[in-house]
Amino acid sequence: MPTLILALETSCDETAAAVVEDGRIIRSSVVFSQMDMHALYGGVVPEIASRAHVEACDRVVDQALKEAGVTFRDLTALGVTQGPGLVGALLTGVSCMKGLSFSTGLPLVPVHHIHGHICANFLTHPELEPPFLCLVASGGHSHLFMVEDYTAFRLLGQTVDDAAGEAFDKAARVLSLPYPGGPKLDELAENGDPLRFSLPRPHTEGKYDYSFSGLKTAFINLVHGMEQRGENLPKADLAASFRHTLVEVLAEKAMLAARDHGVPGLALAGGVSANRLLRRRLAELCSLEGIPFYTPSLPLCNDNGAMIASAACYRYDAGVRAPLSLNADPSLRLVQPQG
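Residues numbered from 1 in each chain as written. Predicted model: local features only at pLDDT ≥ 70, side-chain atom pairs only at ≥ 80, totals over all residues. Heavy atoms only, no water.

Asker: Can you walk me through the overall build of the protein chain in this structure?
Answerer: When helices and strands are tallied, the protein chain shows 10 helices and 10 strands. Taking 339 residues into account, the globule formula puts the C-alpha radius of gyration at 20 Å, and the protein chain, at 20 Å, falls close to it. Counting only contacts in the protein chain whose residues sit at least 6 apart along the sequence, the fraction spanning at least 24 positions is 73%. For the protein chain, the accessible surface area stands at approximately 14,300 Å², while carbon and sulfur atoms represent 51% of it. Side-chain charges of the protein chain comprise 27 positive and 37 negative groups, with the mean position of each set lying 1 Å from the other. (Helix = DSSP H or I, 4+ residues; strand = E, 2+ residues; numbered from the N terminus. Rg over C-alpha atoms; globule rule 2.2 N^0.38 Å. Contact = heavy atoms within 4.5 Å. Areas by Shrake-Rupley, 256 points an atom, 1.4 Å probe, with all protein chains shown as cover. Lys, Arg positive; Asp, Glu negative; His and termini not counted. Charge placed at Lys NZ, Arg CZ, Asp CG, Glu CD.)

The following block contains the structure:
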């Protein structure tokens, strides 16, 4: 009998549900985006996000079941994002799935959001198996994990300040690009000169750690200085230069870790994994090193229910079950600190 998981993702501003078979096969995937709502404010408003989740949870769950052609009786278990994320948004999803678990008798499996992003690669690359190195880059995360098994991870490096996605969004805002800024900057940068402006590459004490606050500040000062001098902003060149510098930092540390640990493969995950230059650069570097490179299909780069269902499947197989007292945890860690 296949393992069928229905999962719900509500960590930020997408209400997403999906049914996944055996952690690898997407039977359905439904995403309700709140992008238009938050575009009015230039960013995600937590209260609006929570309210929208409340209104959408039932609809996306029903649609996911309908598209998969299954009922609750066909399911093995339920999965839900426990954290990290916006606490109100997380609580909405956790409450919804706890209610379904109580009413159906199906076991509930809590999932870490980053674990879900890593598992998005299993949905795109059925041949992928641990161990491998994974760079997780998104609006809130910049981490390098050694994926030792389906539910076992070792943290090699992480951002010491801003995440890559946050830096992209701030740079886009300085260039007056519309929300969501990161993808807009990526698109604009495709037509710019990445070498026109020299930007600093921050150094960190940790060999595989990242830091983007200095790069972000330098870029803001560059743009503001040009504006104060009355210069026209070559936005495409500015976007390309910023993207080039940030991507090189991400790729350099990832490849350093890959070489040091002799990994059999390198995977990319998280919202920033949709960045065109980052995908091209890592594919190029992995090819030169003779390392297989994996990245999710574009629809699976952003938050979605399928990645949570995939992670829930492997946690279910590992015996993880949640009591009905499960609570959301906006600061949930994937790997507990040592010592």
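That shown, we press on.
Asker: When you look at the sheet that holds strand E5 (residues 108-112) in this model, what are you seeing that I'm missing?
Answerer: Sheet strands line up and pair through hydrogen bonds in the backbone, either parallel or antiparallel. Spatial strand order, E3-E2-E1-E4-E5: five strands in an open sheet with mixed pairing. Bordering the open sheet on either side are strand E3 (25-33) and E5, each of which pairs with just one other strand. Across the sheet, the axes of successive neighbouring strands diverge by a mean angle of 20°, strand direction being ignored. In terms of strand pairing, strand E4 (residues 77-83) meets E5 through five bridges, oriented parallel. Bridge pairing in E5 places Leu-78 opposite Leu-108. On top of the sheet, helix H2 (residues 46-68) reaches strand E1 (4-9), strand E2 (14-21) and E3; it is set at about 25° to E2, its chief contact. (Pairing = 2+ DSSP bridges. Axes fitted to C-alpha atoms, helices over the stretch in contact; angles between N-to-C directions.)

Asker: Just to check I follow, could you spell out the packing of aromatic side chains for this structure?
Answerer: Each aromatic ring pair is characterised by the separation of its centres together with the angle its planes make. Enumeration over the complete set of coordinates arrives at eight aromatic pairs. Taking 4.3 Å as the distance between ring centres and 10° as the angle between the ring planes, the aromatic pair formed by Tyr-150 and Tyr-314 counts as stacked. Within this pair, whereas Tyr-150 is found in the loop between strand E7 (142-149) and strand E8 (152-158), its partner Tyr-314 is found in helix H10 (residues 305-317), the two being separated by 164 residues in sequence. Taking 5.9 Å as the distance between ring centres and 75° as the angle between the ring planes, the aromatic pair formed by Phe-168 and Phe-242 counts as edge-to-face. On the criterion of sequence distance, the pair formed by Phe-168 in helix H5 (residues 164-174) and Phe-242 in helix H8 (residues 235-261) is long-range, its members being 74 residues apart. Phe-242 matches Phe-168 in its accessibility class, with the two residues each being buried. (Phe/Tyr/Trp six-rings, centres within 6.5 Å; stacked < 30°, edge-to-face > 60°. Buried < 20%, exposed > 50% of the residue type's maximum accessible area, 1.4 Å probe, protein only.)

Asker: Help me understand H5 in this model?
Answerer: Residues three or four positions apart in an α-helix share a direction because the helix packs 3.6 residues into each turn. For H5, the full list of buried residues reads Ala-164, Gly-165, Ala-167, Phe-168, Ala-171, Ala-172 and Val-174. Following H5 by one or two positions, Ser-176 adopts a phi angle in the positive range, close to 60°.

Asker: What is the right way to read the side chain of His-113 from this model?
Answerer: Structurally, His-113 is set in helix H4 (residues 113-124). Classification of His-113 as buried rests on a relative accessible area of 6%. In terms of polar contacts, His-113 uses its side chain to reach the side chain of Ser-11, at 3.4 Å. Side chain to side chain, His-113 and His-117 meet in a polar contact 3.1 Å long. Excluding anything up to four places from it in sequence, His-113 contacts Glu-9, Ser-11, Thr-81, Gly-83, Pro-84, Asp-303 and Met-307. (Polar contact = N/O pair within 3.5 Å; in protein donor to acceptor, adjacent residues only side chain to side chain.)

Asker: Would you mind showing me how to read the sheet that holds strand E6 (residues 132-137) here?
Answerer: Here we have five strands laid out as an open sheet, ordered E8-E7-E6-E9-E10, and mixed in their pairing. With one partner strand each, in any of the chains shown, E8 and strand E10 (293-294) form the two edges of the open sheet. Sheet topology places strand E9 (residues 266-269) next to E10; two bridges connect them, and they run parallel. If you follow Ala-267 over to E10, its bridge partner there is Tyr-294. The sheet strands contacting H8 are E6, E7, E8 and E9, and the helix crosses E6 at an angle near 165°.

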